[in-house]
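Report on the structure
Here is what each chain is made of, one letter per residue.
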Amino acid sequence: PSVLLALTVPADQFGRKPVIIVSLTGIVVFVISFGLSRTFAWALITRALAGTVAGNGMLINNAAADITDETNQAQAYAIIGLSLNVAQVIGPFIG
């Protein structure tokens, strides 16, 4: 919970989009570093760092709420959930 609250302060200052982009970029960098780690300690460190920048789900849902209205809000949340599930299925096949 503290990490989620830590992302809301910069989101209020700089906007949600830059914070989401930085968060997703951090996840990519740390997950690639985790995959390339050669020691157990480095794997733990990179996994912990990936977890610190991974609290962007709340920001994505809030951004979806901002750009939709009552007529298409349910579709937006369904697409967010669908994309997460599709990514969890297709991701392991990619490698």
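Residues numbered from 1 in each chain as written. Predicted model: local features only at pLDDT ≥ 70, side-chain atom pairs only at ≥ 80, totals over all residues. Heavy atoms only, no water.

For the protein chain, the helix and strand inventory stands at 5 helices and 0 strands. Order of helices (α) and strands (β) in the protein chain, N terminus to C terminus: α-α-α-α-α. Overall, the C-alpha framework of the protein chain stretches about 50 × 35 × 20 Å when taken along its three principal axes. In the protein chain, buried positions account for 18% of the 95 residues. Put simply, of all contacts in the protein chain between residues at least 6 apart along the chain, 52% involve residues at least 24 apart. Accessible surface, the protein chain: about 7000 Å² in total, of which carbon and sulfur atoms supply 70%. Counting 4 positive and 4 negative side-chain charges, the protein chain places the averaged centre of each group 23 Å from the other. (Helix = DSSP H or I, 4+ residues; strand = E, 2+ residues; numbered from the N terminus. Buried < 20%, exposed > 50% of the residue type's maximum accessible area, 1.4 Å probe, protein only. Contact = heavy atoms within 4.5 Å. Areas by Shrake-Rupley, 256 points an atom, 1.4 Å probe, with all protein chains shown as cover. Lys, Arg positive; Asp, Glu negative; His and termini not counted. Charge placed at Lys NZ, Arg CZ, Asp CG, Glu CD.)

When the charged atoms of two side chains with opposite charge come close together, those side chains can pair. Per the stated rule, a full pass over the model turns up 1 salt bridge. We note a salt bridge from Asp-66 to Arg-16, for which the minimum N-O separation is 2.0 Å. Of the two residues, Asp-66 sits in helix α4 (residues 57-67) while Arg-16 sits in helix α2 (residues 16-36), which places them 50 residues apart along the sequence. By relative accessible area, which is 53% here, Asp-66 ends up exposed. (Salt bridge = Lys/Arg side-chain N within 4 Å of Asp/Glu carboxyl O.)

This part takes up the packing of α2 against helix α3 (residues 40-52). Close contact between α2 and α3 brings their axes to 8 Å; oriented N to C, the two are set at 165°. By the angle between their axes, α2 is roughly antiparallel relative to α3. Between α2 and α3 the crossing geometry is left-handed. Taken together, the residues of α3 that come into contact with α2 (itself represented by Ile-27, Phe-30, Ser-33 and Phe-34) are Trp-42, Ala-43, Thr-46, Arg-47, Leu-49 and Ala-50. (Axes fitted to C-alpha atoms, helices over the stretch in contact; angles between N-to-C directions. Parallel < 35°, antiparallel > 145°, perpendicular 65-115°, else oblique. Left-handed = near helix turned anticlockwise from the far one by under 90°.)

Positionally, Thr-46 belongs in helix α3. Leaving out residues up to four positions away in the same chain, Thr-46 has contacts with Phe-30, Ser-33 and Phe-34.

Further remarks concern the packing of α4 against helix α5 (residues 73-94). Two numbers describe how α4 lies on α5: the axes approach to 9 Å, and their chain directions differ by 150°. The orientation of α4 relative to α5 falls into the category roughly antiparallel. Between α4 and α5 lies a crossing whose hand is right-handed. Within the contact between the two elements, α4 uses Ile-60, Asn-61, Ala-64 and Ala-65 and α5 uses Gln-73, Ala-76, Tyr-77 and Ile-80.

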